[in-house]
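Structure assessment
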Amino acid sequence: MLLEAMASGVPVIAFNGVGAFNKQIQHNKTGVVLQNKCSEELAKAIKELPNSREIPELVRRISSIGKKIGLQFLLFKPMPEVVRDFYAEVPVKLKVEGSFHEVATFFDRIGKLNRIVNVKNITISDPEERSGKVMLTIEGTAVTYRFLTEEEKSGTSGRRRRR
């Protein structure tokens, strides 16, 4: 199950030294590696997934990071959540334009957020030189995750989930 989650880009929580695959997890990028089986550490790791109230703020932060760096947003469109068994994927379609350095800085800063955000399905246009800068247009989907509440889990049991 761990490999399946990692292959599909779902963040995972694993304990250091337990299982053969936890060395494949990039801490705070593809998941969280806990040092011991401590409930406090697990509770802290779970907080890395935002709840539904925090999603709009996280989306604003991603947009703000890009604008401060100098990227031009051509598309920034929150998409419907994809409900899974105990969590939901929260995707945002992106299309940005900027220099190679601006784009690289944007992805680096997203990777350093205190929430797990994966950027998937990235396409890069052919570079264009403008005013001495190499400009790129990047399209992709930024995806964060949130746990479903108990009410949402029980309310979705009769609905068909997207996989």
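Residues numbered from 1 in each chain as written. Predicted model: local features only at pLDDT ≥ 70, side-chain atom pairs only at ≥ 80, totals over all residues. Heavy atoms only, no water.

1. Points about helix H3 (residues 55–69)
Quick reminder of the rule: In DSSP terms, a helix is any run of H or I states spanning at least four residues, a strand is any run of E spanning at least two, and both are numbered starting from the N terminus. Helix span, expected: 1.5 Å multiplied by one less than the number of residues in the helix.
The terminal C-alpha atoms of H3 lie 22 Å apart, and with 15 residues this matches the ideal 21 Å at 1.5 Å per residue to within 8%. One or two steps after H3, the chain reaches Gly70, where phi turns positive at roughly 115°.

2. Considering the nonpolar core
Defined as follows: Nonpolar cores are built from buried Ala, Val, Leu, Ile, Met, Phe, Trp, Tyr and Cys residues. Side-chain atoms within 4.5 Å join them into one set. Type-normalised accessible area, obtained with a 1.4 Å probe on protein chains alone, sets the label of each residue: buried when under 20%, exposed when over 50%, and partly exposed for intermediate values. By definition, residues are in contact when any of their heavy atoms lie within 4.5 Å.
By size, the foremost hydrophobic cluster in this structure holds 20 residues, and its most contacted members are Ile62, Leu94, Phe106, Ile110, Leu113 and Val117. Contributing elements (two or more residues each) for this core: H3, strand E5 (87–99), helix H4 (100–111) and strand E8 (133–147). Setting aside its immediate chain neighbours within four residues, Val117 contacts Leu58, Ile62, Ile110, Ala142, Val143 and Thr144.

3. A few points about the pattern of salt bridges
Close approach of charged atoms lets side chains of opposite charge pair. Applied cut-off: Any Lys or Arg side-chain nitrogen found within 4 Å of a carboxyl oxygen on Asp or Glu counts as a salt bridge.
For the structure shown, the criterion picks out 9 salt bridges. The salt bridge partner of Arg60 is Glu57, with a shortest N-O separation of 3.4 Å. Residue Arg60 and its partner Glu57 are both found in helix H3; the two are separated by 3 residues, about one turn of the helix. Owing to a relative accessible area of 52%, Arg60 belongs among the exposed residues under this scheme. Taking the relative accessible area as the measure of exposure, Glu57 reaches 39% and is therefore partly exposed. The residue Glu97 makes a salt bridge to Arg130 at a minimum N-O spacing of 3.2 Å.

4. Things to note about the confidence of the model for the protein chain
Keep this limit in mind: Confidence per residue, as judged by the predictor, is encoded in pLDDT with a range of 0 to 100.
Confidence along the protein chain averages 77 in pLDDT terms, with 62% of residues attaining 70 or more. No element of the protein chain has a lower mean pLDDT than helix H1 (residues 2–7), at 54, and none a higher one than H4, at 92. Considering only residues more than four positions removed or in separate chains, one finds that residues 157–161, a stretch of pLDDT under 50, has 6 contacts.

5. Remarks on the packing of aromatic side chains
Note the threshold: Here the aromatic set is Phe, Tyr and Trp, taking the six-membered ring for Trp, and pairing holds for ring centres within 6.5 Å; pairs whose planes are under 30 degrees apart are stacked, those over 60 apart are edge-to-face, and all others are tilted.
A complete count under the given rule lists 4 aromatic pairs for this structure. Between Phe73 and Phe76, the ring centres sit 5.4 Å apart and the planes meet at 85°, which makes this aromatic pair edge-to-face. On the basis of relative accessible area, Phe76 is assigned to the partly exposed category, the value being 25%. For the pair Phe106 and Phe107, a centre-to-centre distance of 5.7 Å together with 50° between the ring planes defines the contact as tilted. A relative accessible area of 1% places Phe106 in the buried class. Exposure remark for Phe107: the relative accessible area of 26% places this residue in the partly exposed category. Taken together, the aromatic side chains of Phe73, Phe76, Phe106 and Phe107 make up a single cluster linked through ring pairs.

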